[in-house]
Protein chains: 2
Amino acid sequence: MPSIGARAMLRRMRAPIGVFDSGLGGLTVVRAIRAALPDEDIVYLGDTARVPYGTRSPETVVRYAASCARALLRHDVKLLVVACNTVSAVALPELASRFGIPVIGVIEAGAKAGAGISQGGRIGVLATAGTVASGAYERAIHALNPRLEVVAVPAPLFVPLAEEGWTEGAIPEGIADRYLGPLIEAQVDSIILGCTHYPLLRTTIERVLSRSAAPAQVVDSAEALAADLRLVLDEYSLRFSRRDRSGQLRVYVTDQPRSFRDVANRFLGASLGDFPVEAIDLE
Amino acid sequence: MPSIGARAMLRRMRAPIGVFDSGLGGLTVVRAIRAALPDEDIVYLGDTARVPYGTRSPETVVRYAASCARALLRHDVKLLVVACNTVSAVALPELASRFGIPVIGVIEAGAKAGAGISQGGRIGVLATAGTVASGAYERAIHALNPRLEVVAVPAPLFVPLAEEGWTEGAIPEGIADRYLGPLIEAQVDSIILGCTHYPLLRTTIERVLSRSAAPAQVVDSAEALAADLRLVLDEYSLRFSRRDRSGQLRVYVTDQPRSFRDVANRFLGASLGDFPVEAIDLE
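Residues numbered from 1 in each chain as written. Chains lettered and ligands numbered in written order. Predicted model: local features only at pLDDT ≥ 70, side-chain atom pairs only at ≥ 80, totals over all residues.

(A) View of the interface of chain A and chain B. The partner chain B presents 19 residues to the 18 residues of chain A that form the contact. Of all the secondary structure elements, the ones that give two or more residues to the side of chain A that touches chain B are α7 (129-134), α9 (158-164) and α10 (170-185) of chain A. Residue contributions to the side of chain A that touches chain B peak at 4 residues, all from α10(A). Of the residues that constitute the side of chain A that touches chain B, the class distribution is 11 nonpolar, 4 polar and 3 charged. (Contact = placed C-beta atoms within 7 Å. Helix = DSSP H or I, 4+ residues; strand = E, 2+ residues; numbered from the N terminus. Nonpolar A, V, L, I, M, F, W, Y, C, P; charged D, E, K, R; others polar.)

Below, the structure is given as structure tokens:
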């Protein structure tokens with residue numbers, strides 16, 4: 001029979017991973033985590049009532065992020081994944097110090113992966129106008145290696161394209177062509193997808209890149225985060241392999257906007273109908 | 001010398017028109033009002049800190065709209081123009097009864113103009129997904145004439161295209177082509193631009209329509225509202241013609257997002273640099 005300490009540790013390992021985002025985009029991160037760590041339970045919170053965070057002040061973002069984290073801690077999560085770029089940029093240290101569990105963010109993960117594969121030392125970033133203007137990816141990349149050059153380009157049309165599910169064909173390619181132009185010209189050798197919506201356009205982005213002289217490699221921050229998460233879980237002895245069933249997903253939202261399920265299914269790459277979805281109030 | 005009553009009336013006529021929207025899109029309405037009524041002073045309020053309203057509950061929208069109206073009434077406005085489609089759809093009667101000054105909304109104005117020019121009895125509406133799903137234009141058009149048919153199509157990509165200033169060329173035309181397809185197929189004879197951002201794409205929309213067998217006529221809700229406003233001002237004896245100077249514009253925002261001035265100038269069709277812009281707090 002295991003000791004009390006071992007039992008507590010086992011209970012802790014069995015606890016779910018908490019993931020939150022300002023909206024539904026973070027479900028692409030959930031999708032990557034489920035692919036990499038199929039045994040883990042996940043509780044997802046999308047703060048759909050207060051999306052987008054990108055236009056709020058840093059103080060407001062920290063306050064919103066803390067309320068999301070508190071809601072997830074009520075589900076006894078063992079670790080917090082910040083799928084939101086805006087929160088990752090401004091609130092990570094605050095969350096880590098306030099809640100005393102490991103916190104990992106999508107920007108650090110993407111930056112690490114981009115810096116890791118860059119051969120030529122010049123990295124491209126595609127993100128929302130807010131994330132680009134914040135300089136968060138530059139800071140994260142320079143913290144790893146100050147000699148790396150970063151070229152960040154805003155790609156705002158990718159968000160409604162992903163939400164509409166209009167991800168392939170001449171128009172999305174034409175739009176990708178425009179956004180990738182400055183990155184191809186700058187001869188970056190890796191391109192970080194720095195917004196949770198962008199992985200849905202990855203095929204189109206790679207098609208456009210394949211036409212360039214030396215196609216850059218695409219880094220999906222969601223996949224990078226899932227790989228990082230595995231390491232962090234191992235480091236804290238929090239990884240759990242179950243034999244009885246595959247990992248479960250529960251989804252909470254603060255508001256159910258119109259066409260909610262369509263958009264959610266698209267981001268999750270699976271039917272949300274198979275998972276419980278509940279509305280909660282954070283305010 | 002005018003009597004007290006006449007003096008009070010003159011003071012009231014000289015008062016500014018209050019215009020508000022959830023963000024900066026309503027500046028296209030300001031632009032149309034300034035073109036139609038160049039003598040009138042205008043106070044504009046963009047609730048940029050809480051944009052977008054389209055995803056909020058009706059109760060929240062009414063609460064936000066009331067706080068915007070109160071802020072404008074502090075500037076002693078003589079009339080309220082609701083440039084926001086979401087507010088026009090849910091909060092107009094509430095505002096009119098609560099504040100006791102004339103209130104006119106962008107949906108009613110657009111619906112009236114569309115119904116007025118329709119010959120064949122079938123009207124198209126382009127709007128955001130939220131406005132289309134709300135059925136607000138249908139209701140407004142059917143209130144005027146229940147026999148008119150309404151075909152409403154969401155055109156979400158037009159918003160970031162307008163904000164980026166990417167309004168002409170193959171890509172915007174390709175996107176317009178897709179959104180206009182169902183309206184051309186349904187043989188509508190007028191198309192209402194049911195979102196404050198869309199007038200910026202009018203040239204492209206009309207170019208695509210010109211290729212169809214019987215091009216529908218485009219109705220700009222902002223222009224329709226300006227025409228309506230002139231009638232309402234006359235009706236209430238509130239219209240003012242000044243000889244000393246042209247009408248002034250003051251702009252208030254609840255937050256100054258990044259690239260604020262670029263976007264504002266685009267919507268206003270003039271430089272915001274020529275007008276005072278102040279941040280205010282509504283909460």
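(B) Quick peek at the packing of helix α6 (residues 106-117) of chain B against helix α12 (residues 221-235) of chain B. Residue and element names in this part refer to chain B. Viewed as axis vectors pointing N to C, α6 and α12 meet at an angle of 95 degrees, and their least axial separation amounts to 8 Å. In terms of their interaxial angle, α6 and α12 are classed as roughly perpendicular. For the pair α6 and α12, the contacting residues are V106, A109, G110, K112 and A113 in the first and S221, A224, L225 and D228 in the second. Here the residues of the contact of α6 with α12 sort into 5 nonpolar, 2 polar and 2 charged. (Axes fitted to C-alpha atoms, helices over the stretch in contact; angles between N-to-C directions. Parallel < 35°, antiparallel > 145°, perpendicular 65-115°, else oblique.)

(C) Seen up close, the relation of the copies chain A and chain B. Note on the copies: chain A fits chain B at an RMSD of 0.0 Å, the axial shift is 0.0 Å, and the rotation between them is 180 degrees. The relationship between the two copies is best expressed as a two-fold rotation axis. Rotation axis and chain A: the residue whose C-alpha lies nearest the axis is A:I171, separated from it by 3.0 Å. Counting the interface residues of chain A, we find that 100% of their copies in chain B are interface residues as well, pointing to one common contact surface. (Least-squares fit on C-alpha atoms with pLDDT ≥ 70 in both.)

(D) Structural view of the domain arrangement of chain A. Residues and elements named next belong to chain A. Looking at the assigned domains, one finds that chain A contains domain 1 (4-105 + 224-279) and domain 2 (108-221). Distance between the C-alpha centres of domain 1 and domain 2: 23 Å. Contacts between the two partners involve 19 residues from domain 1 and, on the opposite side, 22 residues from domain 2. Looking at the side of domain 1 that touches domain 2, the element that brings in the most residues is helix α4 (residues 85-90), giving 4 residues. Considering only residue class, the side of domain 1 that touches domain 2 consists of 7 nonpolar, 9 polar and 3 charged. (Domains from an automatic or database assignment.)

(E) Quick peek at helix α8 (residues 136-144) of chain A. Residues and elements named next belong to chain A. All of the buried residues in α8 are A136, Y137, A140 and I141. Each buried residue of α8 sits inside an arc of 125 degrees when the element is viewed along its axis, so together they form one side. Tucked inside the fold, the buried residues of α8 contact α4, α6 (106-117), β5 (122-127), α7, β6 (149-154) and β7 (190-193). (Buried ≥ 20, exposed ≤ 12 C-beta atoms within 10 Å, placed from the backbone. Arc of directions from axis to C-beta.)

(F) Quick look at the environment of B:S246. Residues and elements named next belong to chain B. The topology assignment puts S246 in the loop between α12 and β9 (249-253). You can call S246 exposed: it has 11 C-beta atoms within 10 Å. Separated by 27 residues in sequence, S246 and V219 have C-alpha atoms that sit 27 Å apart. Contact partners of S246, with chain neighbours within four places excluded, come to P38 and D39.

(G) Representation of the nonpolar core. One finds A:V81, A:Y137, A:L225, B:V81, B:Y137 and B:L225 to be the most contacted residues of the largest nonpolar core, which totals 190 residues. The residues contacting A:L225, other than those within four sequence positions of it, are A:V29, A:A32, A:V81, A:I104, A:V106 and A:A109. (Core = buried A, V, L, I, M, F, W, Y, C linked by C-beta atoms within 7 Å.)

(H) Highlighting the environment of B:A66. All names here are of chain B. Locating A66 in the fold gives a position in helix α3 (residues 58-73). Taking the C-alpha atoms as reference points, A66 and V153, 87 residues apart in sequence, are found 29 Å from one another. In this view, A66 contacts L95 and R98; residues no more than four positions away in its chain are not counted.

(I) Highlighting the sheet that holds strand β7 (residues 190-193) of chain B. Residue and element names in this part refer to chain B. Taken in spatial order, the 4 strands of this open sheet run β6-β5-β7-β8, and their pairing is parallel. Where the open sheet ends on each side, the last strands, each with one partner, are β6 (149-154) and β8 (217-220). Sheet twist, expressed as the mean angle between neighbouring strand axes with direction ignored, is 25 degrees. Where helix α8 (residues 136-144) meets the sheet, its contacts fall on β5 (122-127), β6 and β7, and the angle it forms with β6 comes to roughly 160 degrees. (Pairing = 2+ DSSP bridges.)

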